[in-house]
Amino acid sequence: MGRNTPKEVRYDLLGAKVVENLQKRHFDAYYCETKEDALKKAIELIPKEDVVSWGGSVSIDEIGLLDYVKKNYKVIDRDTAKSPEERVDLMRQSLLSDTFLMSTNAMTEDGVLVNIDGNGNRVAALCYGPKSVVMIVGINKVCKTLDDAVSRARNIAAPINIQRFKDLKTPCYLKGSCANCKSTESICNQVVITRMSRPVSKIKIVLVGEELGF
């Protein structure tokens, strides 16, 4: 069945435009209409011999990529840690993985990425360390301007994301809205804007014509 609903048509038109702009910024970028196609493309981008790790991402789980790499690759999985100290060590090891999987909190139509992080391990891997970063990004994360993208990261992504962490009682956890807090439990400690990929093609982006993550 073809994609012919007004929303699907809009997503496909916008996706083609955003991918073109990402490529101009030296990202490897691909547009996939569905989650199933996105999974196939992501697998193509990860060499079989790679050690794979990931940052916190609902999107990579929603397309089935997380489950796939756990079954088919050597992985560094912080959730296997038996102590908080071991968990931190695994997070550090993941910075030297071959391929790091993640999403982005927001993206502009002209191809700039915005990410907000608590511990910094996810944005650290995006900036430096792993040989390759593979991003799975739902079309719902595309924003018109950089200001819109920063606002989305802080006012939509973070207040939803914090609900996954029941032990962090920040204002956005309690109220559902960003209070620009200075809490020691804040998950908004680093805001990273990535305007280009360096080295060229290090960051590979699979933009999906469906709503993924938050």
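Data block above holds the structure.
Residues numbered from 1 in each chain as written. Predicted model: local features only at pLDDT ≥ 70, side-chain atom pairs only at ≥ 80, totals over all residues. Heavy atoms only, no water.

I keep staring at the state of the cysteines and nothing clicks. Help me out?
By definition, a disulfide is the covalent link that joins the sulfur atoms of two cysteine residues. Within the structure shown, the criterion is met by zero disulfides. Here Cys172 is not disulfide-linked; the sulfur of Cys188 is the nearest cysteine sulfur, at 6.0 Å. A relative accessible area of 10% means that Cys172 is categorised as buried. (Disulfide = S-S within 2.5 Å. Buried < 20%, exposed > 50% of the residue type's maximum accessible area, 1.4 Å probe, protein only.)

I tried to follow unusual backbone geometry on my own but got confused; where do I start?
With an omega of 0°, the peptide bond between Arg198 and Pro199 qualifies as cis. For Pro199, the position within the fold is in the loop between strand S9 (190–194) and strand S10 (203–208). Of note in this structure, His26 is not a glycine but carries a positive phi near 75°. Here His26 shows up in the loop between helix H1 (6–24) and strand S1 (28–32). On the basis of relative accessibility, which here comes to 35%, the residue His26 falls in the partly exposed class. Here the phi dihedral of Ser201 falls at roughly 75°; this positive angle occurs in a residue that is not glycine. Checked against the element boundaries, Ser201 lands in the loop between S9 and S10. Overall, the relative accessible area of 23% leaves Ser201 in the partly exposed class. (Helix = DSSP H or I, 4+ residues; strand = E, 2+ residues; numbered from the N terminus.)

Just to check I follow, could you spell out the pairing of strand S6 (residues 113–117) for this structure?
Put simply, side chains in a regular strand alternate between the two faces of the sheet. Counting buried positions along S6 gives five out of five residues, so the element sits mostly inside the fold. With burial as the criterion, each face of S6 is covered, one bearing Leu113, Asn115 and Asp117 and the other bearing Val114 and Ile116. By the bridge criterion, two bridges tie strand S5 (residues 106–108) to S6 in an arrangement that is antiparallel. In the strand pairing of S6, Met107 is matched with Leu113. Count of turn residues in the S5/S6 antiparallel hairpin: four residues, of which Gly111 carries a positive phi of about 95°. (Pairing = 2+ DSSP bridges.)

I tried to follow the sheet that holds S6 on my own but got confused; where do I start?
What holds strands together in a sheet is hydrogen bonding between their backbones, with the strands either parallel or antiparallel. Strand order in the open sheet formed by four strands is S8-S5-S6-S9, and the pairing between neighbours is mixed. In this open sheet, the two edge strands, each paired with only one partner strand, are strand S8 (142–143) and S9. Where H1 meets the sheet, it contacts S5, S6 and S8, and its direction lies at approximately 80° from that of S5. Along the sheet, helix H7 (residues 146–161) makes contact with S5, S6, S8 and S9, crossing S6 at roughly 25°. (Contact = heavy atoms within 4.5 Å. Axes fitted to C-alpha atoms, helices over the stretch in contact; angles between N-to-C directions.)

Note that all results are geometric; they support no functional claim without further evidence.
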